[in-house]
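Here's the letter readout for the chains.
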Amino acid sequence: MNNQKKIAAIHDISCLGKCSLTVALPLLSSAGFETCPVPTAVLSTHTGGFTGFTFKDLTDQIMPIANHWKSIDVKFDAIYSGYLGSFEQLDLMEKFINMFSEKNTLVMIDPVMADQGVLYSGFDKKFVTGMANLCRMADIIVPNITEACFMTDTPYIDGVQTPQYIENLVKKLSSLCEGKIVLTGVSFEEDKIGAATFDGSSINYIFGKKLNVAYHGTGDVFASTLLAALLHGFSLEKSAGIAIDFIIECILRTMDTVGKAHYGVNFELCIRTLLDMLEI
Ligand code: PXL
């Protein structure tokens, strides 16, 4: 019997810079899942830190891919969306989820659009409102603090936050999404950073050591690892803990490339560790 789980992964392909599909595909495949990409755009590099990148929007490919898959009765255990290539893709994501989400399908939406207090190149307030609206379709959302602030109209705080600030943010997010919430980039002390998880009733915090470097793509490494752990049956908190520990491991393997943060983390060198963490 084929009991391998299947994931639809809807993100861009940034051909260089280690984020979105070039992170999600290898991590989720290594974790044992069939991972079917729906590329939202093809870029020569991601948009954070490189200049002169190419961008080919693939909005017109999403429904043809979805319709073909539907015609051959493909089913997914998870639908995982991230960086979308256009405003229209927000509606297409809703359509895709309606077409493929069944009773046991885990719908994870990472509202990729901002970090460190600012929107990524190409995104605007209208997109933020559309993404906040899309989040209602999710069983789990994985915003960072900046994305959470934009979607809930909350002032962004740089550096450490207070528990009250985070609780307020999570509460506002829970009015956008009735599912679970994993808020990343939470820090109450200078030397620790991690995530707040909300399972619909209580908030929990998981922290790891804060390394004073910020590599691009770690949000995608986090969300992909979180999904892998959840699909392997770990609890929400344990899955967030695995994702944090894995990112720390990846950053430690990348520290000698200081000054090239936009090239991402060397997660490929840590896959054996990931499999140990996932107990597979
Ligand atoms: O990692 C987030 C991300 C994904 N895809 C593209 C990006 C970014 C962040 O800048 O530019 C194309």
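All of these numbers come straight from a predicted model, not from anything done at the bench.

Novice: Can you walk me through the packing of aromatic side chains in this structure?
Specialist: For any pair of aromatic rings, geometry is given as the distance between the ring centres together with the angle between the planes. The full count for this structure, using the stated rule, is 11 aromatic pairs. A centroid spacing of 6.3 Å and a plane angle of 75 degrees characterise the contact between Trp 69 and Phe 96, whose relative ring orientation is edge-to-face. With Trp 69 in helix α2 (residues 59–71) and Phe 96 in helix α3 (residues 88–100), the pair connects residues that are 27 residues apart, well separated along the chain. Exposure remark for Phe 96: the relative accessible area of 0% places this residue in the buried category. Linked through ring pairs, Trp 69, Phe 76, Phe 96 and Phe 100 together constitute an aromatic cluster. Lying over the aromatic face of Phe 100, Lys 70 brings its terminal NZ or CZ to 5.2 Å of the ring centre. In this structure, Lys 260 is placed above the aromatic ring of Tyr 263, and the distance from its NZ or CZ to the ring centre is 5.2 Å.

Novice: For this particular structure, what's the right way to read the site of the ligand?
Specialist: In the region of the ligand, 13 residues are neighbours, and Asp 12, Thr 47, Tyr 83, His 216 and Asp 220 sit closest. Interatomic distance of 2.8 Å between a side-chain N/O atom of Asp 12 and a nitrogen atom of the ligand. Taking Thr 47, its side chain carries an N or O atom lying 2.6 Å from an oxygen atom of the ligand. Expressed as a share of its isolated accessible area of 320 Å², the protein-covered part of the ligand is 98%. For the shell around the ligand, the class distribution of residues is 5 nonpolar, 6 polar and 2 charged.

Novice: I keep staring at the pairing of strand β2 (residues 34–43) and nothing clicks. Help me out?
Specialist: Two faces make up the sheet, and in a regular strand the side chains alternate between them. Buried residues dominate β2, accounting for 7 of its 10 residues. In the sheet, strand β1 (residues 6–14) pairs with β2 via 8 bridges, with the strands oriented parallel. Opposite Ala 8, over in β2, you have Cys 36 as the bridge partner. At this point the chain moves from β1, through helix α1 (residues 21–30), to the parallel β2, and the crossover so formed is right-handed. Bridging between β2 and strand β3 (residues 55–57) involves 3 bridges; their strand directions are antiparallel. Residue pairing in the sheet places Val 42 in a bridge with Lys 56 of β3.

What counts and what doesn't
Residues numbered from 1 in each chain as written. Predicted model: local features only at pLDDT ≥ 70, side-chain atom pairs only at ≥ 80, totals over all residues. Heavy atoms only, no water. Phe/Tyr/Trp six-rings, centres within 6.5 Å; stacked < 30°, edge-to-face > 60°. Helix = DSSP H or I, 4+ residues; strand = E, 2+ residues; numbered from the N terminus. Buried < 20%, exposed > 50% of the residue type's maximum accessible area, 1.4 Å probe, protein only. Lys NZ or Arg CZ within 6 Å of the ring centre and 35° of its normal. Near = heavy atom within 4 Å. Polar contact = N/O pair within 3.5 Å; in protein donor to acceptor, adjacent residues only side chain to side chain. Areas by Shrake-Rupley, 256 points an atom, 1.4 Å probe, with all protein chains shown as cover. Nonpolar A, V, L, I, M, F, W, Y, C, P; charged D, E, K, R; others polar. Pairing = 2+ DSSP bridges. Right-handed = clockwise from strand over helix to strand, strands pointing away.

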